[in-house]
Amino acid sequence: MTIPPLLIIVVTVFGVLGVAAISTILERRLLGFFQDRPGPNRVGPFGLFQVLADAIKMLFKQDWIPPFADKWVFLLAPIIGFLAVLLSFGVIPITPNWSVAANWNIGLLFVFGMAGLAVYSVVLAGWSSNNKFALLGGMRAAAQMISYEVFMGLSVMGVVMMTGSFSMADIVAAQRHVWFIIPQFLGAVIFLLAGIAETHRLPFDLPEGENELGAGFHTEYSGMKFGMFFLAEYAGVALTSALIATLYLGGWSGPLLPPVVWFVLKVAFLICFFILLRAALPRPRYDQLMAFGWKVLLPLSLLNILVTGAVLLLRAGA
């Protein structure tokens, strides 16, 4: 059955917003569980309405623009970041029939293009705020995101070589017999680490280091403009989880259960793993983060490409 593209787009947009909103309460409840404390439990049953209370607070909070800021760039920055994440979901095959453009042969390249666009969001937010702490946060974010995009792109080359296509649908189809997490385990680990840095989540949240920068590139933001950065972060975690599930865990494929259930279960597990990392690991220094990327992840990602190419050539010769 062919699903109308307009219906897919509408459901995907509201689905991403819903996942981002639910992720906020999920994170706070899981962090409470991991750290042996209650977490939010006052608003609604089991604290489930806390996300609604937060949304109301952001909507009605004073929407202030600093008089010293570049107004139009200041307004545009959070929109760019959120749209970049939202558009990336258009090429994710949630089920065999549920995707706007999963059959694009440039699907994976489109995701990396949107990731590059998201860098402009944090840079423009820091620069337009005309605040030295926000500017430092923006520059940190730009250096971190651009650097780890390199390793993220190189880490998936093994998957592309084994599939012979940049199409997300073809990548899922190529995992009918074995998920790529097995032959491409090193690439999956590198992609996961790069994804954490790309979404600047703990322990790689250096652009927002509170003890150094106040709040980083969004120091001067308030109200719903801050809310868009907030939603973009959680939507980015969901996007990275969806990419890992698609590239390395077989996407929607699995026995017995419907495809959409398998996809949701895999993504939910990975989101919970992101939250566990926040509860378990300390934040490194910024120079350690950058050195880890260029001195460790870059050689390992190149080694992964070399070994994958050698194995494929040996198979072709045999």
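Given the structure is predicted, the values throughout are model-derived calculations rather than measurements. Every residue gets a number counted from 1 within its own chain, in the order that chain's sequence is written. In keeping with the predicted nature of the model, local features appear solely for residues at pLDDT of at least 70, side-chain atom pairs appear and are counted solely at 80 or more, and the whole-chain, interface and lining totals rest on all residues. The basis for the side-chain values is all heavy atoms of the structure; hydrogens and waters are excluded.

Chemist: Explain the pattern of salt bridges here, please?
Modeler: When charged atoms on two side chains of opposite charge get close, those side chains can pair. The rule for a salt bridge is simple: a side-chain nitrogen of Lys or Arg has to be within 4 Å of a carboxyl oxygen of Asp or Glu. Taken as a whole and assessed by the stated rule, the structure comprises five salt bridges. A salt bridge links D54 to R28; its shortest N-O distance comes to 2.6 Å. One end of the pair, D54, is in helix α2 (residues 50-60); the other, R28, is in helix α1 (residues 5-34), and 26 residues separate them in sequence. Accessibility here uses a 1.4 Å probe with only protein chains present; expressed as a share of the type maximum, an area under 20% marks a residue as buried, one over 50% as exposed, and anything in between as partly exposed. When its relative accessible area of 33% is taken as the criterion, R28 is described as partly exposed. Here D287 and R285 are joined by a salt bridge, their closest N and O atoms 2.9 Å apart. Through salt bridges that share partners, E27, R201, E233 and R278 make up one connected network. A run of DSSP states H or I qualifies as a helix once it reaches four residues; a run of E qualifies as a strand once it reaches two. Both are numbered from the N-terminal end.

Chemist: Honestly, the packing of aromatic side chains in this entry has me stumped. Any pointers?
Modeler: Ring pairs (aromatic) are described by centroid distance and by the angle formed between their planes. For Phe, Tyr and Trp, rings pair up if their centres lie within 6.5 Å, where Trp contributes its six-membered ring, and each pair is then called stacked (planes under 30 degrees apart), edge-to-face (over 60) or tilted (otherwise). Summed over the entire model, instances satisfying the criterion amount to nine aromatic pairs. Here F230 and Y234 contribute two aromatic rings whose centre-to-centre distance is 5.1 Å and whose plane-to-plane angle is 70 degrees, an arrangement assigned as edge-to-face. Placement of the pair is F230 and Y234 together in helix α10 (residues 223-248), with a separation of four residues, close to one helical turn. Here the aromatic cluster, defined as three or more aromatic residues joined through ring pairs, consists of Y148, F151, F204 and W294. Placement of a positive charge over a ring is assigned whenever Lys NZ or Arg CZ falls within 6 Å of the ring centre and within 35 degrees of the normal to the ring plane. The residue whose ring lies beneath K71 is W72, and the NZ or CZ to ring-centre distance is 5.3 Å.

Chemist: Can you walk me through the environment of V91 in this structure?
Modeler: With respect to the helices, strands and loops of the structure, V91 is situated in the loop between α3 (71-88) and α4 (107-128). With a relative accessible area of 1%, V91 lands in the buried category. Sequence separation between V91 and P78 is 13 residues, and the spatial gap between their C-alpha atoms is 22 Å.

Chemist: Would you take a moment to explain the nonpolar core for this structure?
Modeler: Here is a general trend for soluble globular proteins: nonpolar side chains tend to be buried in one another's company. Among buried residues, those of type Ala, Val, Leu, Ile, Met, Phe, Trp, Tyr and Cys that are joined through side-chain atoms within 4.5 Å constitute a nonpolar core. Counting residues in hydrophobic clusters, the biggest one holds 59 residues, and the most contacted among them are L108, F191, L247 and Y248. The leading source of residues in this core is α10, at 13 residues. Throughout, a residue-residue contact means that at least one pair of heavy atoms, one from each residue, lies within 4.5 Å. L108 has contacts with V156, V160, F166, M168, I171 and L247, leaving out every residue within four places of it along the chain. One finds A77, A118, A141 and F217 within the second-largest nonpolar core, a separate group that totals 14 residues.

Chemist: Can you help me understand helix α5 (residues 132-155) in this one?
Modeler: Helical geometry: 3.6 residues make up each α-helical turn, so side chains three or four residues apart lie on a common side. What a helix is expected to span follows from its residue count: subtract one and scale by 1.5 Å. Helix length check: α5 (24 residues) gives 34 Å between terminal C-alpha atoms against 34 Å at 1.5 Å per residue, within 8%. In protein, a polar contact requires one atom able to donate a hydrogen and another able to accept it; more generally it is a pair of N or O atoms within 3.5 Å, and residues adjacent in sequence count only if both atoms are side-chain atoms. Put simply, N131 is the residue that caps the front of α5, since its side-chain oxygen is 2.7 Å from the backbone nitrogen of F133.

Chemist: I would appreciate a short explanation of unusual backbone geometry in the present structure.
Modeler: Negative phi values dominate among residues other than glycine, just as trans dominates among peptide bonds. In this structure, D36 is a non-glycine residue whose phi angle is positive, near 60 degrees. If you trace the backbone, D36 turns up in the loop between α1 and α2. Overall, D36 belongs to the exposed group, its relative accessible area being 74%. Here L256, not a glycine, exhibits a phi torsion of approximately 70 degrees, which is positive. Within the secondary structure, L256 is located in the loop between α10 and α11 (259-280). Overall, the relative accessible area of 90% leaves L256 in the exposed class.

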